[in-house]
Amino acid sequence: KAGVTQTPRYLIKTRGQQVTLSCSPISGHRSVSWYQQTPGQGLQFLFEYFSETQRNKGNFPGRFSGRQFSNSRSEMNVSTLELGDSALYLCASRVGISTNEKLFFGSGTQLSVL
Amino acid sequence: GDSVTQMEGPVTLSEEAFLTINCTYTATGYPSLFWYVQYPGEGLQLLLKATKADDKGSNKGFEATYRKETTSFHLEKGSVQVSDSAVYFCALSDLNSGGSNYKLTFGKGTLLTVNP
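Residues numbered from 1 in each chain as written. Chains lettered and ligands numbered in written order. Predicted model: local features only at pLDDT ≥ 70, side-chain atom pairs only at ≥ 80, totals over all residues. Heavy atoms only, no water.

> Requested: an account of the sheet that holds strand E9 (residues 75–77) of chain B, with residues and values cited.
Residues and elements named next belong to chain B. Reading across from one edge, E3-E9-E8-E7 is the order of the four strands in this open sheet, with antiparallel pairing throughout. Both outer strands of the open sheet, strand E3 (19–21) and strand E7 (56–59), are each paired with one neighbouring strand and no more. Strand-to-strand, the axes of this sheet are offset by a mean angle of 15°, without reference to chain direction. Pairing of E7 with strand E8 (residues 62–65) involves four bridges; the strand directions are antiparallel. Bridge assignment links Lys-56 to a residue of E8, and that residue is Thr-65. (Pairing = 2+ DSSP bridges. Helix = DSSP H or I, 4+ residues; strand = E, 2+ residues; numbered from the N terminus. Axes fitted to C-alpha atoms, helices over the stretch in contact; angles between N-to-C directions.)

So this is what it looks like as structure tokens:
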């Protein structure tokens, strides 16, 4: 069974641009979460989607948005990029929304903002 | 709000040494506690978890016990190997937030390097 797939693996953008990252969950998983990982702040929760609906959102500005499609694939978008948005963005999936379910993480998209 | 504090390291050990990585937490409800491991260039993998007080999670020789009285979940391994070199993250999910608000709160991570 394929794991969580994130594309692209690496991305370089300049300030002010926007970017879209993609995440394909494990087959059969309907919940997708996004996390931002930086050396200074560590891992921070961005949002979670289930059945195409955002269920929870972390403390990030409105420039960060996401969506989920009917096949459970998810995208996150960051508009008007800032230098501080440089980070590893991790996607994680799980079967449903039970609190006891295990999260499976992808390898991430490394975003560099110049 | 919820928070996790873990020793940031880096930690450097010789093969077969004893490992302890300290983790303490603050939570408003009744959290589940986790240790995740991240190998270079990879995403996070769940190493072990404990869902209630006094539970012991264990996997691959690693252990951690949920101590409510000290709000701690320290990771231990009796004899580390070179292949254990990775970044280790302590995390919690607060069940009091309800299933609809599920998220993980992570510590900053501890880099472990094991030398042969």
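> So what about the interface of chain B and chain A? Which residues, and what values?
Taken together, the 19 residues of chain B in the interface contact 23 residues of chain A. Across the chain B-chain A interface, the total number found is zero salt bridges. In this assembly, chain B and chain A are joined by four residue pairs in polar contact (both at pLDDT 80 or more). At the level of elements, strand E5 (31–38) and strand E6 (44–50) of chain B are the ones that each hand at least two residues to the side of chain B that touches chain A. Here the element with the most residues in the side of chain B that touches chain A is E6(B); it accounts for three residues. (Contact = heavy atoms within 4.5 Å. Salt bridge = Lys/Arg side-chain N within 4 Å of Asp/Glu carboxyl O. Polar contact = N/O pair within 3.5 Å; in protein donor to acceptor, adjacent residues only side chain to side chain.)

> I'd like a description of the pattern of salt bridges, backed by residues and values.
Following the criterion strictly, the structure yields eight salt bridges over all chains and no others. When the shortest N-O distance is used, the salt bridge between A:Arg67 and A:Glu75 registers 3.3 Å. Overall, the relative accessible area of 16% leaves A:Glu75 in the buried class. Where B:Lys52 meets B:Asp55, a salt bridge forms, and the shortest distance between an N and an O atom there is 3.4 Å. Put simply, A:Arg63, A:Glu82 and A:Asp85 are held in one network by salt bridges that share partners. (Buried < 20%, exposed > 50% of the residue type's maximum accessible area, 1.4 Å probe, protein only.)

> Before we move on, can you summarise the pairing of strand E11 (residues 109–113) of chain A with the specific residues and values?
Residues and elements named next belong to chain A. Of the two faces of E11, the one lined by Thr-109, Leu-111 and Val-113 is fully buried and the one lined by Gln-110 and Ser-112 carries no buried residue. One ladder, built from four bridges, connects strand E2 (residues 10–13) with E11; its direction is parallel. Of the residues in E11, the one forming a bridge with Tyr-10 is Gln-110.

In short, geometric facts, not functional conclusions.
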